[in-house]
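Chain by chain, the residues run as shown.
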Amino acid sequence: MNEWGAFRTTDVQAGQWTHYPSLMRPEQVFAWATPGRAYAGQVVRGVDGRYYWYVPINERDSPASDKFAIGVAVSDSPTGPWTDHAGGPIISQRVPATNNIHNIDPTILVEGQRVFLWWGSFSNLRMLEFQPDMKTPVGTQRTVTGLTGFFEAAWIFKRGATYYMAYAGNNAGPTSQCTPANYHACIAYATAAAPEGPWTYRGTILRPVSSTTSHPGILEFNGQWYIAYHTADAVGGGHFRRSVAIDKVEWDDAQTPPRMKLITPTPAKGRDLTPRPNIAQEAKSTVSNEPVPTQYWIKALNDEIVRSNPLPPDMWGTWTGNNPPQQWAQYTWDQPMRISGSQIDFWNDQPQGTGVGVAAPARWRIQYWNLDSGQWADLPNASGYPTSTQGFQNTTFDPVTTTQVRATFDGSTNGSTYSAVAVEEWKILAAQPSSVTPPALTVEVGSGSCPAR
């Protein structure tokens, strides 16, 4: 990020927010910072009543292999102006002690005269206590354990006598309670009886959203608990063009310690019922390489989302490093569908003929389930099966009525090894009527006009 901003409200439910688009730029506050290289920070009220903003920024002249470090700015107001409180990083790969982790995502707890800071990413979470001056370390940093699937984005808070640690989890897999695919993350949490732990994993509170990760902030305001996080839901949004979301946190106080209930994102998203030719989203998708490698997501086949710069979970793919010569993907509907077209969007990082990486298939075809014979059959009069990776590749055919279609892909080869296949989206188009007969209209006696059509 280039800078940090904020939103302010006195009434969350009213939805009226004041936007402060530019409260602090790293290079304007921290003389040692690289411009335009900032990540997510946290503001807390310090022991002395002032406000402290802990931020991960790139240390311009660091000799470390990873130049990200954590600085702290101070202000009399949450809206600034801000000044560098320490004159340099308080945490880096050499300050206050050597470490080799990615030093980002700080979260802070001020409890009386004690100040605790947690930070880290890529499955490494560290903790360090500071003196009441908010910048001088006490003791040595320690590694935090007990957070099942921890990836990054830790957020510490206390409710009652219990300490809660929320975080972006990424223990991906086909049976995961968190997420089936890498890159995407759920928000999970753990609890402890003391800031130092030990921590006990308690489960997931927010399922994966439309952006890859989802950095949480959780607090109580006017008697109600809220979680703020980010998505890609706004118009023009993407994995790295994110929008702010905020929802209520509800509790199950019948359990000990009290548990956080699964968050219900708002506004609620229903099925898109807009009429359109593509009926793939109504099908169940199955593939030959189940369980799908965790860098990919079978859901991407028919989610009707095609991104200009996709990440692996934005596609179904087959790469494992030892790819077979053939793979397939299949759609199944719970009732017969009349279809006459296909549109498919291939992704590649290698050209055809290399036998490595991901390439467009050497050839492919679609078959349908013949309801009369009970067998797979080739599509009648198919227009062809193009393999370009530039946009949707169209195939038309004579209309058929079926409950299943299957695309079979022959991997591109160098003669000895095979490239994998990846598909961002596969649409199946319903056969369209050549004409539509207008419905009969009856004008009741006494009506002054015909009903709208």
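Residues numbered from 1 in each chain as written. Predicted model: local features only at pLDDT ≥ 70, side-chain atom pairs only at ≥ 80, totals over all residues. Heavy atoms only, no water.

Chemist: Can you walk me through the layout of surface pockets in this structure?
Modeler: The method is simple in principle: a probe with the dimensions of a water molecule rolls over the atoms, and the space it marks as empty is what remains. Each pocket or cavity is described by its volume, and for the second largest pocket that value is around 220 Å³. If you go around the second largest pocket, you meet 13 residues; those closest to its centre are Gly 237, Gly 238, His 239, Arg 307 and Ser 308. Looking at side-chain class alone, the lining of the second largest pocket contains four nonpolar, seven polar and two charged residues. (1 Å grid on protein atoms, 1.4 Å probe; cavity = no way out; pocket = protein on both sides within 12 Å on 5 of 7 lines; lining within 4 Å. Points joined across faces, edges and corners; volume = space filled by probe spheres on them. Nonpolar A, V, L, I, M, F, W, Y, C, P; charged D, E, K, R; others polar.)

Chemist: Can you help me understand empty space enclosed by the protein in this one?
Modeler: For the structure shown, the criterion picks out one cavity of 30 Å³ or more. Of the voids in this model, the largest cavity is the one considered here, and its volume is about 40 Å³. For the lining of the largest cavity, the per-class residue count stands at five nonpolar, six polar and no charged.

Chemist: Which parts of the structure should I look at to understand the sheet that holds strand 17 (residues 224–231)?
Modeler: Picture the strands of a sheet paired through backbone hydrogen bonds; they go either parallel or antiparallel. Strand order in the open sheet made by the three strands is 16-17-18, with antiparallel pairing throughout. Whereas interior strands pair on both sides, the edge strands pair on one side only; in this sheet they are strand 16 (217–221) and strand 18 (243–249). The sheet shows a mean angle of 30 degrees between the axes of neighbouring strands, direction not considered. Two elements, strand 17 and strand 18, share seven bridges in a ladder whose sense is antiparallel. In the sheet register, Tyr 229 faces strand 18, and the bridge partner there is Ala 245. (Pairing = 2+ DSSP bridges. Helix = DSSP H or I, 4+ residues; strand = E, 2+ residues; numbered from the N terminus. Axes fitted to C-alpha atoms, helices over the stretch in contact; angles between N-to-C directions.)

Chemist: Just to check I follow, could you spell out the sheet that holds strand 15 (residues 200–206) for this structure?
Modeler: Reading across the sheet, the four strands line up as 12-13-14-15 and stay open at both edges, with antiparallel pairing between neighbours. Edge positions in the sheet fall to strand 12 (150–159) and strand 15, since each has one partner strand and no second. Shown here is a sheet whose adjacent strand axes are inclined to one another by a mean of 25 degrees, direction ignored. Examined bridge by bridge, strand 12 and strand 13 (residues 162–169) share seven bridges and lie antiparallel to one another. Residue pairing across strands places Glu 152 opposite Ala 168, the latter belonging to strand 13.

Chemist: Explain the pairing of strand 23 (residues 326–347) here, please?
Modeler: Two faces belong to every sheet, and in a regular strand the side chains alternate between them. As defined by bridge partners, strand 21 (residues 284–287) adjoins strand 23 across four bridges and the pair is classed as antiparallel. Looking at strand 23, one finds that Val 287 is bridged to Ala 329. Where strand 23 meets strand 26 (residues 393–410), 14 bridges bridge the pair, whose relative direction is antiparallel. Among the inter-strand pairings, Gln 327 is bridged to a residue of strand 26, identified as Phe 409. As defined by bridge partners, strand 23 adjoins strand 27 (residues 422–430) across eight bridges and the pair is classed as antiparallel. Bridge pairing in strand 27 links Gln 343 to Lys 427.

Chemist: I'm lost on the packing of aromatic side chains in this one. Help?
Modeler: By convention here, two paired aromatic rings are described through the distance between centres and the angle between planes. Summed over all chains, the structure comprises 21 aromatic pairs. Measuring from ring centre to ring centre gives 6.1 Å for Tyr 164 and Tyr 189, while their planes differ by 25 degrees; the resulting arrangement is stacked. Highlighted residues: Tyr 164 in strand 13 and Tyr 189 in strand 14 (residues 186–192), separated in sequence by 25 residues. Taking relative accessible area as the criterion, Tyr 189 reaches 1% and is therefore assigned buried. Centroid distance Trp 364 to Tyr 385: 5.0 Å. Interplanar angle 65 degrees. Geometry classified as edge-to-face. Here Trp 364 is found in strand 24 (residues 363–370), whereas its partner Tyr 385 is found in the loop between strand 25 (375–378) and strand 26, with 21 residues between them in sequence. For Trp 364, a relative accessible area of 5% gives the class buried. (Phe/Tyr/Trp six-rings, centres within 6.5 Å; stacked < 30°, edge-to-face > 60°. Buried < 20%, exposed > 50% of the residue type's maximum accessible area, 1.4 Å probe, protein only.)

Chemist: Explain the environment of Glu 59 to me, please; I cannot follow it from the model alone.
Modeler: Relative to the assigned elements, Glu 59 resides in strand 5 (residues 51–59). For the pair Glu 59 and Pro 89, spaced 30 residues apart in sequence, the C-alpha to C-alpha distance is 7.9 Å. With residues up to four places along the chain from it excluded, the contact list for Glu 59 reads Trp 32, Thr 34, Lys 67, Ala 69, Pro 89, Ser 92 and Arg 94. (Contact = heavy atoms within 4.5 Å.)

Chemist: Can you walk me through the side chain of Gln 141 in this structure?
Modeler: Its location among the elements puts Gln 141 in strand 11 (residues 137–143). Since its relative accessible area comes to 17%, Gln 141 is described here as buried. Engagement of the side chain of Gln 141 in a polar contact is seen with the side chain of Arg 126, the distance being 3.1 Å. When near neighbours in sequence (up to four residues on either side) are disregarded, Gln 141 contacts Ala 97, Thr 98, Asn 99, Trp 119, Arg 126, Met 127 and Leu 128. (Polar contact = N/O pair within 3.5 Å; in protein donor to acceptor, adjacent residues only side chain to side chain.)

Chemist: Explain the pairing of strand 8 (residues 107–111) to me, please; I cannot follow it from the model alone.
Modeler: Relative to strand 9 (residues 114–119), strand 8 runs antiparallel, the two being bridged by five bridges. Residue pairing in the sheet places Thr 107 in a bridge with Trp 118 of strand 9. As consecutive antiparallel partners, strand 8 and strand 9 are separated by two residues, and within that stretch Gly 112 has a phi angle of approximately 65 degrees, a positive value.

Chemist: Looking at this structure, how should I read the state of the cysteines?
Modeler: Two cysteines joined by a covalent bond between their sulfur atoms form a disulfide. Counting across every chain of the model gives one disulfide. Sulfur-sulfur distance for the disulfide between Cys 178 and Cys 186 comes to 2.2 Å. Because the torsion about its S-S bond is -105 degrees, the bridge between Cys 178 and Cys 186 counts as left-handed. As far as the burial class goes, Cys 178 and Cys 186 line up, both buried. (Disulfide = S-S within 2.5 Å.)

Functional significance is not addressed by these values, which are geometric in nature.
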